[in-house]
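The chain contents come next:
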Amino acid sequence: MLDVGDAVPDVGLKDADGADFTLARYRGKPLAVYFYPKADTPGCTNEARDFTALAADFAALGVPVVGISKDKPAKLKKFADKYGLTVTLASDEPGAMCEAFGTWVEKSLYGRKYMGIERATFLVGADGKILRVWPKVKVKGHAAEVLEAAKAL
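Residues numbered from 1 in each chain as written. Predicted model: local features only at pLDDT ≥ 70, side-chain atom pairs only at ≥ 80, totals over all residues. Heavy atoms only, no water.

If you walk through the whole model with that rule in mind, you get nine salt bridges. Note that D20 and K14 form a salt bridge whose closest N and O atoms lie 2.6 Å from each other. Take D20: its relative accessible area is 57%, and that puts it in the exposed class. Residue E47 pairs with R119 through a salt bridge whose shortest N-O separation is 2.6 Å. Here the residue E47 occupies a position in helix α1 (residues 42-53), and R119 occupies one in the loop between β7 (112-117) and β8 (120-124), the gap between them amounting to 72 residues. Overall, the relative accessible area of 2% leaves E47 in the buried class. Given a relative accessible area of 15%, R119 falls into the buried group. Residues joined by salt bridges that share partners form a network here, namely D17, K77 and D81. (Salt bridge = Lys/Arg side-chain N within 4 Å of Asp/Glu carboxyl O. Buried < 20%, exposed > 50% of the residue type's maximum accessible area, 1.4 Å probe, protein only. Helix = DSSP H or I, 4+ residues; strand = E, 2+ residues; numbered from the N terminus.)

So, in C-alpha cells, the structure goes:
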C-alpha cells in the first residue's frame, strides 16, 4: 500500500457519468481519496453518506473528496442518485488504480480467500504526495476524522 510521502499515481478513471479523468486534475490542491469495496452495500453506503454530509466542510477547506471502487460507472451513477451523494465517485473497473495504491488485496471470509478492495483513505497534498494514510478503515466516524486531518493542512 502507498504510504506517506509517495506520489499519487496518474491512472485513468471514469466518473459516474462515464467521463474520463485522472487524479492529476486535482493537482495544486489537497485531496481526500477513499477506496471502498462495492457501491450500495451497507458499509460503503454509510461511508459515502458520511463524506457527503461533510462535503461542504471539505469544500470550504478546498479539499475535494473522491471515492473509488471497481464498480461500473452506471452503477456509481445509480448509487449516487439513490442516496443523493455529492462526492465524486470514480470507477476503476480495470483495477489499475487499486493496484497502484495497493488496495487490491487478498481477503478472507469464512475461510474462503478472494481478492477485493481494502477500505482505505489517503489525504493527498497539493503537490500530489500522500500526507496521511488510513488503512483498514472502520466506517463509523471516519469521514469526520479525515476532515479533522484536512483542517490541519
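Let's pick the thread back up.
Our next topic: the environment of H142. With respect to the helices and strands, H142 occurs in helix α5 (residues 142-151). When neighbours within four sequence positions are excluded, H142 is seen to be in contact with E47, F51, T121, W134 and V137. A polar side-chain atom of H142 sits 2.7 Å from a polar atom in the side chain of T121. (Contact = heavy atoms within 4.5 Å. Polar contact = N/O pair within 3.5 Å; in protein donor to acceptor, adjacent residues only side chain to side chain.)

Among all positions of helix α3 (residues 73-83), only P73, L76, F79 and A80 are buried. Taken end-on, α3 shows its buried residues confined to a sector of 120 degrees, consistent with a single buried face. For α3, exposure combined with an orientation more than 90 degrees from the buried face picks out A74, K78, D81 and K82. Packed against the buried residues of α3 are β1 (13-15), α1, β4 (65-69) and β5 (88-91). Among the residues trailing α3, G84 stands out with phi positive, at a value near 65 degrees. (Arc of directions from axis to C-beta.)

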